[in-house]
Amino acid sequence: MTLPATRTQRLEALVDPGSFREFGSQARHRVTAFGMDRKRPAGDGVVTGTARIDGRPAGVFAQDPSALGGSLGEVHAAKITAVLDHAARARVPVIGLLDSGGARIQEGVAALDGYGSIFFRNVALSGRVPQLSVVLGACAGGAVYSPALTDIVIMQRGTAHMFVTGPKVVRAVTFEDVTLEELGGSRIHASASGVAHLVADDADHALDLARAVLGYLPTSCWDEAPLAPPVDPEPMPRWGPDGTVGVPADHRMPYDVRGIVRGVVDEGSFLELQEQFAGNIVTGFARVEGRPVGVVANQPQVLAGCLDINASEKGARFVRLCDAFGLPLLVLVDVPGFLPGLGQEAGGIIRKGAKLLYAFAEATVPRMTVVLRKAFGGAYIVMNSKSLGADRVYSWPGAELAVMGAEGAIDVIFRRDLEADPSRRAELLQRYRDEAMAPHLPAERLSVDEVVAPDETRDVVVETLAGLERALEPRFRHDNLPQ
Ligand code: HXC
């Protein structure tokens, strides 16, 4: 009996034509309990091997739901750990196509230990070689924890489901009636849980996305990221009748920061991750003059761009991913502060906001920041400020940097003056703006290196990154701990 061709075909569709070399195709379990001796598919429900993707080597595996539900027993696990061990030795990425009911129930603890041995290697490889999980079908239990340990999770819309416990168990324990899609479909994981970095329309699209992600990442942390031909950026956005370049002249007007990202990076190179999760911070890969970079930007059109718990965790993991794999960080700042409120404080914004702070401070790749419009308080510091070790911080003309916005600030420092004469509000607001928020003030004390015009920004980014090229020396920096 041979494995149905479909999973092998999927792997072959992922990799360069003719490059897939399978190993373990004849492996079978030796379990006899529960009549398992009559169900011994060759390969034990997973296709494993090595291949090349865009000319670069990789380890690959694909689970087969038509063989024992893609469930993971001892032999199935041993095949996957062989791919991971190969990746560790050859220093190459691992891409898994997942479709598994989790630990094979009939194999008991041997199946659980199989997962343990995979998790152990996922962690040992973290930050050393890129690990990608492409979830194509229903994945339960251990089949979702391995993806969560990897760098990028891609889910196929409609067919991929991920949950620790399935609808039947949920019904029995909590009496909630939920469908597979409600419990673990791509919508919930793209928007609410943040588990999925990318959602694909179909299997081919999922494989395209996996190849696209690999195109930004080095083969390992000891290699340089792949270069592409340089491309000019899109034009910077223009606003209002006078065509103000960059951000809207009205500082309270929301706008989509992705327009600014596209005005700086190579046209067509921006690949946003976790687009619908914590939309108040934008994260994604891009290229500048063909060289991969990681972009982190506050998004004024969602929660006014405030940092909150989800944004902090999303940003932190992305910053650590980029740092681990030697991608310079380009940070675009327009942030009014941390989101205030009981929910945020009780939810641990102190502990979780610290993750983003930690990630930036820890990063040793070239780091540059452009303050587009405002940067206030703790959020100013967190967003890759000079004092956190950024190599360069630029600001656009008119950007406001301060401990807090003018409205809140004057209520504190001019409380008595305002109580005595409320009509002085406008005058005091202006005084605060002039004396505490003007961009030349942080430039005077080197918190901002230079004030640059929106139209100059691309050139400044290109020159700054070129000047820091030698700081990119490939090496192991740290792992990519799940956040
Ligand atoms: C053994 C399994 C299996 C499993 C599925 N199968 N999951 N066999 N162990 N974990 C078998 C089924 O018996 C069936 O066999 C075949 O695979 C297809 O399964 P279906 O249920 O018919 O498929 P589908 O309707 O598509 O549903 C897929 C599914 C469901 C949602 C994944 O199978 C399911 O809920 N499975 C159990 C999931 C689960 O609770 N796993 C957790 C294990 S514990 P036949 O012979 O009828 O074709 C775990 C612990 C790890 O993983 C801990 C990590 C921290």
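This report concerns the structure included in the present document. Here the residue numbering is sequential within each chain, running from 1 through the sequence in written order. Only residues with pLDDT of 70 or above have their local features reported here, since the model is predicted, and side-chain atom pairs are shown and tallied only from 80 upward, although totals for entire chains, interfaces and linings are computed over all residues. Excluding hydrogens and water, the side-chain figures rest on all heavy atoms present in the structure.

This part covers the overall build of the protein. The secondary structure content of the protein amounts to 18 helices and 19 strands. For this measure, only C-alpha atoms enter the radius of gyration; the expected value for a globule follows 2.2 Å times N^0.38, where N is the number of residues. Rg of the C-alpha trace for the protein: 25 Å, near the compact-globule value of 23 Å for 483 residues, within the 12% margin. In terms of its C-alpha atoms, the protein occupies a principal-axis envelope of roughly 90 × 55 × 40 Å. Throughout, exposure labels follow a simple rule: accessible area from a 1.4 Å probe, protein chains only, divided by the maximum for the residue type, with under 20% read as buried, over 50% as exposed, and the rest as partly exposed. Burial analysis of the protein (483 residues in total) assigns 55% to the buried set. Contact definition: two residues touch when any of their heavy atoms are within 4.5 Å. Long-range contacts, defined as pairs at least 24 residues apart, comprise 73% of the intrachain contacts of the protein with a sequence gap of at least 6. None of His or the chain ends enter the tally, which takes Lys and Arg as positive and Asp and Glu as negative. A single reference atom marks each charge: NZ on Lys, CZ on Arg, CG on Asp, CD on Glu. Taking the 49 positively charged and 59 negatively charged side chains of the protein as two groups, their mean positions are separated by 7 Å. The numbering of helices and of strands both runs from the N terminus, where a helix is a DSSP run of H or I of at least 4 residues and a strand a run of E of at least 2.

Turning to the layout of surface pockets, a few remarks are in order. The rule is simple: put a 1 Å grid over the protein atoms alone, call a set of points where a 1.4 Å probe fits but cannot get out a cavity, call an open set with protein on both sides within 12 Å along at least five of seven lines a pocket, and count a residue as lining if it has an atom within 4 Å of a point. Grid points are joined across faces, edges and corners, and a volume is the space filled by probe spheres set on the points. What the largest pocket holds in volume is close to 520 Å³. Taken together, 30 residues form the lining of the largest pocket, with Ala148, Ser193, Gly194, Val195 and Gln483 sitting closest to its centre. Contributions of two or more residues to the lining of the largest pocket are made by helix 4 (142–149), strand 7 (152–156), strand 8 (161–163) and helix 10 (309–324). It is helix 10 that contributes the most residues to the lining of the largest pocket, 6 residues altogether.

Quick look at the sheet that holds strand 7 now. Paired strands, in this sense, are two strands between which DSSP finds at least two bridges. The mixed open sheet is built from 7 strands, whose spatial order is 1-2-3-4-5-7-9. Of all strands in the sheet, those with a lone pairing partner are strand 1 (21–22) and strand 9 (198–200), marking the two edges. Here 3 bridges tie strand 7 to strand 9, and the two strands are oriented parallel to one another. Along strand 9, the bridge assignment pairs glutamine 156 with alanine 200.

Moving on to helix 8 (residues 203–214). Relative to the 16 Å expected for 12 residues at 1.5 Å per residue, helix 8 spans 17 Å between its end C-alpha atoms, a close match to the ideal helical length. Within 3.5 Å is the distance limit for a polar contact, defined as a pair of N or O atoms, with the added protein rule that one can donate a hydrogen and the other accept it, and that residues adjacent in sequence qualify only through two side-chain atoms. Among the residues of helix 8, the N-terminal cap falls to aspartate 202, whose side-chain oxygen and the backbone nitrogen of aspartate 204 are separated by 3.2 Å. Expected helix span is given by 1.5 Å per residue-to-residue step, counting one fewer step than there are residues.

In this scheme Phe, Tyr and Trp rings, the latter by its six-membered ring, pair at centre separations within 6.5 Å, and the angle between planes marks the pair as stacked below 30 degrees, edge-to-face above 60, and tilted otherwise. Within this structure, the stated rule accounts for 4 aromatic pairs. Where tyrosine 115 meets phenylalanine 119, the ring centres are 5.6 Å apart and the plane angle is 25 degrees; that geometry is what we call stacked. Residue tyrosine 115 and its partner phenylalanine 119 are both found in helix 3 (residues 108–125); the two are separated by 4 residues, about one turn of the helix. With relative accessibility at 5%, the residue tyrosine 115 sits in the buried group. Following the ring pairs from residue to residue traces out a cluster consisting of Tyr216, Phe285 and Phe318. In this scheme, Lys NZ or Arg CZ marks a charge over a ring once it lies within 6 Å of the ring centre and within 35 degrees of the ring normal. Cation over ring: arginine 128 sits above phenylalanine 476, and NZ or CZ is 3.9 Å from the ring centre. Positioned above the aromatic ring of tyrosine 216 is the side chain of arginine 287, whose terminal nitrogen or guanidinium carbon lies 4.2 Å from the ring centre.

In terms of burial, strand 2 (residues 46–53) is largely enclosed, as 7 of its 8 residues are buried. In this structure, strand 2 lies alongside strand 3 (residues 56–63), joined through 8 bridges in antiparallel fashion. Within strand 3, the position partnered with valine 46 by the bridge is glutamine 63. Following strand 2, the chain reverses through 2 residues before pairing antiparallel with strand 3; aspartate 54 in that reversal takes a positive phi of roughly 50 degrees.

Moving on, we come to the site of the ligand. We call a residue near a molecule or strand when any one of its heavy atoms sits within 4 Å of it. If you check the shell around the ligand, you find 16 residues, and the closest are Gly69, Gly101, Ala103, Ile105 and Gly142. Within the backbone of glycine 69, one N or O atom sits 3.3 Å away from an oxygen atom of the ligand. Note that an oxygen atom of the ligand is positioned 2.9 Å from one of the backbone N or O atoms of glycine 142. Computed on the free molecule, the ligand has an accessible area of 1000 Å², of which 50% lies beneath the protein chains in the complex. Shrake-Rupley sampling with a 1.4 Å probe provides the accessible areas, and residues are treated as covered by the protein chains on show and by no other component.

What goes into a patch is any residue over 30% in relative accessible area without a salt bridge, connected to like charges within 9 Å or, for nonpolar side chains (Val, Leu, Ile, Met, Phe, Trp, Tyr), within 5 Å. Counted as salt bridges are all cases of a side-chain nitrogen of Lys or Arg within 4 Å of a carboxyl oxygen of Asp or Glu. A grouping of Val403, Met404, Val412 and Ile413 is seen on the molecular surface, where their side chains present a nonpolar patch of about 390 Å² in accessible area. Following the sequence through the fold, valine 412 ends up in helix 14 (residues 406–413).

Turning to empty space enclosed by the protein, a few remarks are in order. In this structure the tally under the stated criterion is 3 cavities of 30 Å³ or more. Taken together, 13 residues form the lining of the largest cavity, with Phe61, Val94, Asn122, Ser146 and Thr150 sitting closest to its centre. Elements supplying a minimum of two residues to the lining of the largest cavity: helix 2 (74–90), strand 4 (94–98), helix 3 and strand 5 (131–135). Only Asp, Glu, Lys and Arg are considered charged in this grouping, and only Ala, Val, Leu, Ile, Met, Phe, Trp, Tyr, Cys and Pro are considered nonpolar; every other residue, Gly among them, is considered polar. Considered class by class, the residues forming the lining of the largest cavity number 7 nonpolar, 6 polar and no charged. Contributing to the lining of the second largest cavity are Phe61, Gln63, Leu72, Ile80, Leu98, Tyr115, Ile118, Gly142, Ala143 and Ser146. Where the lining of the second largest cavity is concerned, the elements lending two or more residues are strand 3, helix 3 and helix 4. With 3 residues, helix 4 is the largest single contributor of residues to the lining of the second largest cavity. Split into classes, the residues belonging to the lining of the second largest cavity amount to 7 nonpolar, 3 polar and no charged.

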